[in-house]
There are 2 protein chains.
Amino acid sequence: MMKKKKLNIGIIGYGVFGEFLSKQLVKKHKVSCIDPFDKSKEAEEIGVDYYPMFDMMSFLSDLDVVIIAVPMIEFEDVVSKLPVDKLRGKLVVEVCPLNSHPKSVMLQNFGPDVDILCSNPMFGPSLSDNNESPSPVSWDGLPMIYEKVRIADMRRCDKFLSIFERERCQMVEMTAEQHDASTSDAEFVTHLTGRLLDRQLLPPTPVMSKEYAALCDVADMTAADSFDLFYGMFKYNSRAKDLLKKMRENIAKVERQLAAKEAYLAASAEMKNNDRKQLIEECKILLREVASSSNIAAKVEEKDGKPAESKITETSQKES
Amino acid sequence: MMKKKKLNIGIIGYGVFGEFLSKQLVKKHKVSCIDPFDKSKEAEEIGVDYYPMFDMMSFLSDLDVVIIAVPMIEFEDVVSKLPVDKLRGKLVVEVCPLNSHPKSVMLQNFGPDVDILCSNPMFGPSLSDNNESPSPVSWDGLPMIYEKVRIADMRRCDKFLSIFERERCQMVEMTAEQHDASTSDAEFVTHLTGRLLDRQLLPPTPVMSKEYAALCDVADMTAADSFDLFYGMFKYNSRAKDLLKKMRENIAKVERQLAAKEAYLAASAEMKNNDRKQLIEECKILLREVASSSNIAAKVEEKDGKPAESKITETSQKES
């Protein structure tokens, strides 16, 4: 019976990702959200209660789980303004693309009676080509990375994680630091690539290769994201600047390779042509020598060969 | 009984793609190949007969189908050197990533008694991360585009195409010109992206998002390709230069956006700070005014207010 009790989940920040998450959460749990912008309509549509920011106290009052789903670059600011006393006895979950920064912010701001879960559901909404609204996505097999940073109420934490287990996510437990070290470069490059591939570079085609379809998916994913999300992945990853530089250098490299190939092919076509000319030239010289020596042989017999020889010399001078 | 008769298929050019194709073809048909480099070992391993270039006449003598699987940039040169008389009554198939150029080359060089099929199997070998040799790929659902440019022997052509049908390819019939107009930009961008994403930009990670895994696939596909293949897609697509330029511009754009965001956040943090300072300053002034006016009121009663007022002025001078 205890297991069937719904969780009362509140989402701080009802942006694209908050809304995306709540669509699954609301299936089995009571979900509410709070956002500086009026999201009452979007929330109501899927059965989520919306609270305006000034109503933070009543929003927090009844919650079991608080998910902070704000852009990573606003995370510290948002957390520092929370009435932290009201979080006592609750489970606070962050869902940022990098985990070390939010982890340290939460440890600094929350007392020991607040449970902390860091997580990165490595998936999110996507804008399909046909439809400008985020499309529903199966979570089957998609990675959900988490660290139980400080958990007193294990049962509640497991119940929350079981939401992802039941959707058949690939559950991966690792520390925030491991997570950032091993996946942040990959995620930055993925989002960077998506941002490079705009509609002009991905024209719609009646037939798609598997790889092209995959690139369109990557671009659709990025199109649904806010720039702030991407900026956070850049700001809190010290290697991101180098990755961006490498991408720029790789474009320059491909351009150089194409130019070099073009020049090489032009040169070898010219050389082939020159070779043929040279061969013809050498044949002519050989033929002349043959002709000349037979002339000399003839002249030796005649005892005077000058006119014939000078004629050949004259010709070869003209041509050289 | 006729339908069960094997086709005798010869592949001109036994590079990565020729070898990739022959692995499927050899399951039900007799396959041979010819290449300037000694491919006897690779060919023998999968049951394909290898011929050296000087043996072109015996290679061609018994074939039903001739597949020309050379880089597009060598296509014209290779075709012009073929003993075209020996192709009479045969089906010649090209498998280039663009079809208009090979189509016009074949129409120019082959007499009316040579059957011509243009095709683009939109898939190929891929280098997986674990394995440096091309991995076997299911063709299920992958697009096979073709144009029956000139076919006298329909039965033979259909038998050849049924190889792809049986592997459950998505069979798409369209003219070479339609094909090039609708898919060549997409294919160039796919291969370009794969070439930009080298190993340094795609570090191995223990957990991958679906999108990152897709980018790794695109990079693996490109890693198996020759640069000549890519160069052909560049050379025979008049829009490729613009697409490359757009990609470079998009990188610059992302870099500008990141720099702008950084500057904007720095500026607004500074402004917020200034605003707070200014607010404090204004509050102080107001408080002083209140203090001063109550002092004056007091002084009016006392008939002498100088010491109190001068004290406040002194303090505000210190702070400014």
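Where an unreviewed UniProt entry is consulted, chain A appears under the name Prephenate/arogenate dehydrogenase domain-containing protein, with the organism given as Ditylum brightwellii.

When helices and strands are counted, chain A shows 11 helices and eight strands. Across the 320 residues of chain A, 46% fall into the buried class. The long-range share in chain A, meaning contacts at least 24 apart out of those at least 6 apart in sequence, stands at 68%. For chain A, the exposed area adds up to about 16700 Å²; of that, 54% sits on carbon and sulfur atoms.

Between chain A and chain B, the contact holds 59 residues from the first and 59 residues from the second. Both faces considered, chain A and chain B share a buried interface measuring about 5400 Å² in area, 73% of it formed by carbon and sulfur atoms. Asp 228 of chain A is the partner of Lys 261 of chain B in a salt bridge, and the nearest nitrogen-oxygen pair spans 2.5 Å. Where chain A touches chain B, the interface holds 14 residue pairs in polar contact (both at pLDDT 80 or more). Those elements that provide at least two residues to the side of chain A that touches chain B are α4 (72-81), β7 (143-150), β8 (170-173), α7 (176-196), α8 (210-224), α9 (227-235) and α10 (240-302) of chain A. The greatest single-element share of the side of chain A that touches chain B, amounting to 16 residues, is contributed by α10 of chain A. For the side of chain A that touches chain B, the residue count by class is 34 nonpolar, 10 polar and 15 charged.

This next bit is on the relation of the copies chain A and chain B. Once turned by 180° and shifted 0.2 Å along the axis, chain A lies on chain B with an RMSD of 0.4 Å. These values place the two chain copies in the arrangement generated by a two-fold rotation axis. Nearest to the rotation axis, the C-alpha of Ala 214 of chain A is located 2.9 Å from it, this being the minimum over chain A. The residues that chain A uses at the interface reappear at the interface of chain B in 100% of cases, marking a shared surface.

In this section: the packing of aromatic side chains. Residue and element names in this part refer to chain B. Inspection of every chain in the model, using the stated rule, returns 22 aromatic pairs over all chains. Between Phe 123 and Trp 139 the ring centres are 4.9 Å apart and the planes differ by 50°, which places this aromatic pair in the tilted class. Separated by 16 residues along the polypeptide, Phe 123 in the loop between β6 (115-121) and β7 (143-150) and Trp 139 in the loop between β6 and β7 bring together distant segments of the chain. A relative accessible area of 1% means that Trp 139 is categorised as buried.

Our next topic: the side chain of Asp 180 of chain B. Residues and elements named next belong to chain B. As for its position among the elements, Asp 180 is in helix α7 (residues 176-196). Although Asp 180 is buried, it makes no salt bridge; Arg 239 carries the closest opposite charge, 7.9 Å away. A distance of 2.9 Å separates the side chain of Asp 180 from the backbone nitrogen of Asn 99, its partner in a polar contact. Excluding anything up to four places from it in sequence, Asp 180 contacts Leu 98, Asn 99, Ser 100 and Arg 239.

Turning next to the sheet that holds strand β4 (residues 65-68) of chain A. Residues and elements named next belong to chain A. Strand order in the open sheet formed by eight strands is β3-β2-β1-β4-β5-β6-β7-β8, with mixed pairing between adjacent strands. Looking at which strands have only one partner, the edges of the open sheet turn out to be β3 (49-51) and β8. Here the average twist between neighbouring strands, direction ignored, is 25°. In the sheet, strand β1 (residues 8-12) pairs with β4 via four bridges, with the strands oriented parallel. Among the inter-strand pairings, Gly 10 is bridged to a residue of β4, identified as Val 66.

Residues and elements named next belong to chain B. In contact at an axis separation of 7 Å, helix α4 (residues 72-80) and helix α9 (residues 227-235) are set at 90° when each is read in the N-to-C sense. Put simply, α4 runs roughly perpendicular to α9. On the side of α4, the interface is formed by Met 72, Ile 73 and Glu 74, while α9 contributes Asp 228, Tyr 231, Gly 232, Met 233 and Lys 235. The class makeup of the residues in the contact of α4 with α9 is four nonpolar, one polar and three charged.

Our focus in this paragraph is the sheet that holds strand β5 (residues 91-94) of chain B. Residue and element names in this part refer to chain B. With mixed pairing, the eight strands of this open sheet are ordered in space as β3-β2-β1-β4-β5-β6-β7-β8. The open sheet has two edge strands, β3 (49-51) and β8 (170-173), and neither has a second partner. When strand polarity is set aside, the average angle formed by the axes of neighbouring strands in this sheet is 25°. Here four bridges tie strand β4 (residues 65-68) to β5, and the two strands are oriented parallel to one another. Counted as the bridge partner of Val 65 is Leu 91 from β5. Here helix α5 (residues 100-109) sits on the sheet in contact with β5, β6 and β7, set at roughly 165° to β6.

On to the packing of α8 of chain A against helix α8 (residues 210-224) of chain B. At a closest axis distance of 9 Å, the pairing of α8 of chain A and α8 of chain B adopts a crossing angle of 145°. Pair α8 of chain A / α8 of chain B crosses with left-handed handedness. Residue-level inspection shows Glu 211, Ala 214, Leu 215, Val 218 and Met 221 of chain A of α8 of chain A in contact with α8 of chain B, the latter providing Glu 211, Ala 214, Leu 215, Val 218 and Met 221 of chain B. Tallied by class, the residues present in the contact of α8 of chain A with α8 of chain B amount to eight nonpolar, no polar and two charged.

What follows concerns a negative patch on the surface. Among the surface-exposed residues, Asp 38, Glu 42, Glu 44 and Glu 45 of chain A lie close enough to one another that they form a single negatively charged patch. Using a relative accessible area of 64% as the deciding quantity, one classes Glu 45 of chain A as exposed.

On to the confidence of the model for chain A, then. All names here are of chain A. Confidence in the prediction of chain A, expressed as mean pLDDT, is 88, and 88% of residues score 70 or more. Confidence drops under pLDDT 50 across residues 129-133; counting only partners more than four residues distant or on other chains, this segment forms six contacts. Ignoring residues within four places in sequence, the model shows residues 305-320, a span with pLDDT below 50, making 11 contacts including any to other chains.

A rise of 1.5 Å per residue sets the reference length of α7 of chain B, with its 21 residues, at 30 Å; its end C-alpha atoms lie 28 Å apart and thus fit the reference within 8%. When the local axis directions of α7 of chain B are compared, the greatest deviation, roughly 50°, occurs at Thr 183 of chain B.

Residues and elements named next belong to chain A. Note on placement: Lys 148 falls in strand β7. Considered as a pair, Lys 148 and Ala 176 are 28 residues apart in the sequence and their alpha carbons are 9.5 Å apart. The residues contacting Lys 148, other than those within four sequence positions of it, are Ile 116, Leu 117, Met 154, Cys 157, Asp 158, Leu 161 and Glu 173. In terms of polar contacts, Lys 148 uses its side chain to reach the side chain of Asp 158, at 3.1 Å.

Each value, and the rule that gives it
- Residues numbered from 1 in each chain as written.
- Chains lettered and ligands numbered in written order.
- Predicted model: local features only at pLDDT ≥ 70, side-chain atom pairs only at ≥ 80, totals over all residues.
- Heavy atoms only, no water.
- Helix = DSSP H or I, 4+ residues; strand = E, 2+ residues; numbered from the N terminus.
- Buried < 20%, exposed > 50% of the residue type's maximum accessible area, 1.4 Å probe, protein only.
- Contact = heavy atoms within 4.5 Å.
- Areas by Shrake-Rupley, 256 points an atom, 1.4 Å probe, with all protein chains shown as cover.
- Buried area = accessible area lost by both parts, 1.4 Å probe.
- Salt bridge = Lys/Arg side-chain N within 4 Å of Asp/Glu carboxyl O.
- Polar contact = N/O pair within 3.5 Å; in protein donor to acceptor, adjacent residues only side chain to side chain.
- Nonpolar A, V, L, I, M, F, W, Y, C, P; charged D, E, K, R; others polar.
- Least-squares fit on C-alpha atoms with pLDDT ≥ 70 in both.
- Phe/Tyr/Trp six-rings, centres within 6.5 Å; stacked < 30°, edge-to-face > 60°.
- Lys, Arg positive; Asp, Glu negative; His and termini not counted.
- Pairing = 2+ DSSP bridges.
- Axes fitted to C-alpha atoms, helices over the stretch in contact; angles between N-to-C directions.
- Parallel < 35°, antiparallel > 145°, perpendicular 65-115°, else oblique.
- Left-handed = near helix turned anticlockwise from the far one by under 90°.
- Patch = residues over 30% accessible without salt bridge, like charges linked within 9 Å, V, L, I, M, F, W, Y side chains within 5 Å.
- Charge placed at Lys NZ, Arg CZ, Asp CG, Glu CD.
- pLDDT = per-residue confidence, 0-100.
- Expected span 1.5 Å × (residues − 1).
- Bend = angle between axes of the 7 residues up to and from the residue.

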